[in-house]
Amino acid sequence: MMIIRAVKQEEYSFIEDFVYEIFKNTSYSDGVVEKSLVREIREKQYYIPQLDLVAEENGEIIGHFILSKLPISNKYENDILMLSPVSVAIKKQRQGVGKFMLQEGFKLASERGYKGIIVEGDFRYYRRFGFRTSTEFGIYASNKNLPPSKENLMAMELCKDGLKNISGEVNYTIYHSLTH
């Protein structure tokens, strides 16, 4: 039985290491950026403790993700969330853990009144949740942090027409970890 719950403060450093271990085994990261991003989000005013979530199975943490406030063109930070990073234990990947935990997280976010979510990642993976290229919503990457291609920056509405009146630039320079 898998449950989704908020991270406890005493688990913070365990989660940082969990995230590091997972990302350092990927072809595109050494894990350092993602680990420091988790720490940095928790230190900023954009952090929402109730949306710093783990997937737990039989008492073991097998997944983690954070939804945090994201200003777009220095506005809308109470409407829009950034989904990052997303981690699933290596032995549990491709078994529906990510799908389960993200769907639960999106439900929690919409119950809290957020209007949309921005993610940068694999288009093929995220579009199955309803994400679309962010430019379709008038949301663009800043020249300071261009994604590998524009398909990699995606947005999703959490309610009907959630992003209708929201547009602007996604600038990650609020996080030193993401500024290359």
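Note that the structure is predicted; figures quoted are calculated from it, not measured. (Residues numbered from 1 in each chain as written. Predicted model: local features only at pLDDT ≥ 70, side-chain atom pairs only at ≥ 80, totals over all residues. Heavy atoms only, no water.)

**Remarks on helix 3 (residues 97-111)**
Because the α-helix completes a turn every 3.6 residues, residues three or four places apart line up on one side.
Okay, so step 1: Between the first and last C-alpha of helix 3 there are 21 Å, a value that for 15 residues agrees with the 21 Å anticipated at 1.5 Å per step.
Okay, so step 2: Of the residues making up helix 3, those classed as buried are Val 97, Gly 98, Met 101, Leu 102, Gly 105, Phe 106 and Ala 109. The buried residues of helix 3 occupy one face: seen down the axis, they fall within an arc of 145°.
Okay, so step 3: One or two residues past the end of helix 3 sits Gly 113, with phi positive at roughly 90°. (Helix = DSSP H or I, 4+ residues; strand = E, 2+ residues; numbered from the N terminus. Expected span 1.5 Å × (residues − 1). Buried < 20%, exposed > 50% of the residue type's maximum accessible area, 1.4 Å probe, protein only. Arc of directions from axis to C-beta.)

**Section: the sheet that holds strand 1 (residues 2-6)**
Okay, so step 1: Taken in spatial order, the seven strands make up an open sheet running 1-2-3-4-5-8-6, and their pairing is mixed. Edge positions in the open sheet fall to strand 1 and strand 6 (132-133), since each of these has one partner strand only.
Okay, so step 2: When strand 3 (residues 60-69) meets strand 4 (residues 80-88), the two strands line up antiparallel, connected through six bridges. When the sheet's bridge partners are listed, Gly 63 is paired in strand 4 with Val 88.
Okay, so step 3: Contacts from helix 1 (residues 12-23) reach strand 2 (52-57), strand 3 and strand 4, with the element oriented near 70° to strand 4. (Pairing = 2+ DSSP bridges. Contact = heavy atoms within 4.5 Å. Axes fitted to C-alpha atoms, helices over the stretch in contact; angles between N-to-C directions.)

**Focus on the packing of aromatic side chains**
Okay, so step 1: Summed over all chains, the structure comprises nine aromatic pairs.
Okay, so step 2: Seen from their ring centres, Phe 106 and Phe 129 are 5.9 Å apart, and the 85° between their planes marks the pair as edge-to-face. Highlighted residues: Phe 106 in helix 3 and Phe 129 in the loop between helix 4 (123-126) and strand 6, separated in sequence by 23 residues.
Okay, so step 3: Residue Phe 129 is classed as buried on the basis of its relative accessible area of 12%.
Okay, so step 4: Here the aromatic cluster, defined as three or more aromatic residues joined through ring pairs, consists of Phe 106, Tyr 125, Tyr 126, Phe 129 and Phe 131.
Okay, so step 5: Of note, Lys 35 hangs over the ring of Tyr 20, and the distance from its end group to the ring centre comes to 5.7 Å.
Okay, so step 6: The ring of Tyr 12 has Arg 42 lying over it, and the distance from NZ or CZ to the ring centre is 4.1 Å. (Phe/Tyr/Trp six-rings, centres within 6.5 Å; stacked < 30°, edge-to-face > 60°. Lys NZ or Arg CZ within 6 Å of the ring centre and 35° of its normal.)

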